[in-house]
Amino acid sequence: MFPCKEALVTGAGRGLGRAFAEALLAEGVTVWGTSRSGNALPAGVRPLRLDLASPASVAALAEQLRREAPALDLLVNNAGAGVFCPFAHFPEESLDAQWQVLLAGPVSLCRAFYPAFAERGRGTIVNVASLAGVFPIPFMSAYSAAKAALSTFSKTLMLEADGSGVAVVDFQPGDYATGFNDAMAEPPVPDDARLRRARAAAERHFVNGPLPQHAARRLMRAIRSERSGTVVSGNFFEATLGPLAARLLPQAVVRRILRIFYNL
Ligand SMILES: NC(=O)c1ccc[n+]([C@@H]2O[C@H](COP(=O)([O-])OP(=O)(O)OC[C@H]3O[C@@H](n4cnc5c(N)ncnc54)[C@H](OP(=O)(O)O)[C@@H]3O)[C@@H](O)[C@H]2O)c1
């Protein structure tokens, strides 16, 4: 039997979040899903509005769900977006927004629901980080750093949750074919050949990635196991060879591989 009955999936309107929501519905889970507009969620998902860039929106959502879904037992912190920009030109407000959307917002949602899960002695928290937290993407410094921080946050929570009955999953997708690439914010910067090459390589990796349903199958398996841990999901190169390389190769070699991977 599937271990969770009622879930919140942030960013459930498209991409990975939509596939997660659909997979959970297929497991018979009651799913609350967020989008910024409140529209375009899969049929059967209970719609909510959330803009992670606004702490007030995060607080309002948590308050609403505490009232309307007191039995919630699965939080999937999925929503997110990237900014592609050389660090020298990174707008200060884009930096702040990346921390808020990718780290502070998801951590606030954990803060809102984890205490009740721990008290009840059951529940699952999934934080969708990224393989970019292990293998940083050039010109996505804030994104890569925020995802690494989110993974570390999840790993800390795993230690605290040990023995409590709550499972914490640090979910690290590799490149997937979603709308992520098109939604990428790209502040105007001076033309630069390395930047153009890296952007084209990143786009190629996203577009050629597996479909979101692949990640959903991997996540359902992880939730069903009721165990905490880091789960890497993606194509064979990223999900199998990547973690092996991170463990075995010196950092200087990893950087050399990344330079080739991004055509720098
Ligand atoms: N695709 C990949 O290769 C990849 C790899 C590693 C990690 N990830 C992570 O996976 C997660 C899902 O990304 P995706 O690939 O499915 O991208 P996507 O297709 O662009 O979907 C992003 C989702 O996040 C929501 N979102 C974006 N900014 C938001 C904000 N400020 N407040 C609330 N919701 C917001 C969007 O909701 P709206 O409907 O409101 O726009 C949308 O549902 C993200 O955390 C991303 O960093 C993706």
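Here the structure is shown first, and the text comes after it.
Residues numbered from 1 in each chain as written. Predicted model: local features only at pLDDT ≥ 70, side-chain atom pairs only at ≥ 80, totals over all residues. Heavy atoms only, no water.

(A) A look at the site of the ligand. As a matter of local geometry, the ligand sits amid 27 residues, with R36, N78, Y143, Y176 and T178 nearest to it. Backbone polar atom of L52 to a nitrogen atom of the ligand: 2.8 Å apart, as the coordinates give it. Taking T178, its side chain carries an N or O atom lying 2.6 Å from an oxygen atom of the ligand. Protein chains bury 95% of the 890 Å² of accessible surface belonging to the ligand in isolation. Those elements that place two or more of their residues in the shell around the ligand are α1 (15-26) and α4 (141-161). (Near = heavy atom within 4 Å. Polar contact = N/O pair within 3.5 Å; in protein donor to acceptor, adjacent residues only side chain to side chain. Areas by Shrake-Rupley, 256 points an atom, 1.4 Å probe, with all protein chains shown as cover. Helix = DSSP H or I, 4+ residues; strand = E, 2+ residues; numbered from the N terminus.)

(B) Representation of the sheet that holds strand β6 (residues 166-173). An order of β3-β2-β1-β4-β5-β6-β7 is seen for the seven strands of this open sheet, with the pairing classed as parallel. Where the open sheet ends on each side, the last strands, each with one partner, are β3 (46-49) and β7 (229-233). Here the average twist between neighbouring strands, direction ignored, is 20°. For β6 and β7, the ladder comprises five bridges, and the chain directions are parallel. Bridge pairing in β7 links P173 to S233. Against the sheet, α4 engages β5 (123-128), β6 and β7, with an angle of about 160° to β6. (Pairing = 2+ DSSP bridges. Axes fitted to C-alpha atoms, helices over the stretch in contact; angles between N-to-C directions. Contact = heavy atoms within 4.5 Å.)

(C) Inspection of the pairing of strand β2 (residues 30-35) at higher detail. Where burial is concerned, most of β2 is hidden: five out of the six residues are buried. In the classification by handedness, the crossover that spans strand β1 (residues 6-9), the intervening α1 and the parallel β2 is right-handed. Strand direction decides the pairing type here: β2 and β3, joined by four bridges, are parallel. Looking at β3, one finds that W32 is bridged to R46. (Buried < 20%, exposed > 50% of the residue type's maximum accessible area, 1.4 Å probe, protein only. Right-handed = clockwise from strand over helix to strand, strands pointing away.)

(D) Seen up close, the pattern of salt bridges. What the rule picks out here adds up to six salt bridges. Across the pair E22 and R18 runs a salt bridge, and its minimum N-O distance is 3.5 Å. Residue E22 and its partner R18 are both found in helix α1; the two are separated by four residues, about one turn of the helix. In this structure, E27 engages R224 in a salt bridge whose closest nitrogen and oxygen atoms are separated by 2.5 Å. Remark: R224 occurs in helix α7 (residues 212-225) and E27 occurs in the loop between α1 and β2; sequence separation between them is 197 residues. (Salt bridge = Lys/Arg side-chain N within 4 Å of Asp/Glu carboxyl O.)

(E) Inspection of the packing of aromatic side chains at higher detail. For the structure shown, the criterion picks out six aromatic pairs. A ring pair is formed by Y143 and F180, whose centres lie 5.4 Å apart and whose planes are at 55°; its orientation type is tilted. Pair noted here: Y143 is in helix α4 and F180 is in helix α5 (residues 180-183), with a separation of 37 residues, a long-range link. Consider the rings of F261 and Y262, whose centres lie 5.2 Å apart with planes at 80°: the pair is edge-to-face. Classification of Y262 as buried rests on a relative accessible area of 5%. Put simply, the rings of Y143, F180 and F206 pair up and form one aromatic cluster. The positively charged end of R199 is found above the aromatic ring belonging to F84, 5.1 Å away from the centroid. (Phe/Tyr/Trp six-rings, centres within 6.5 Å; stacked < 30°, edge-to-face > 60°. Lys NZ or Arg CZ within 6 Å of the ring centre and 35° of its normal.)

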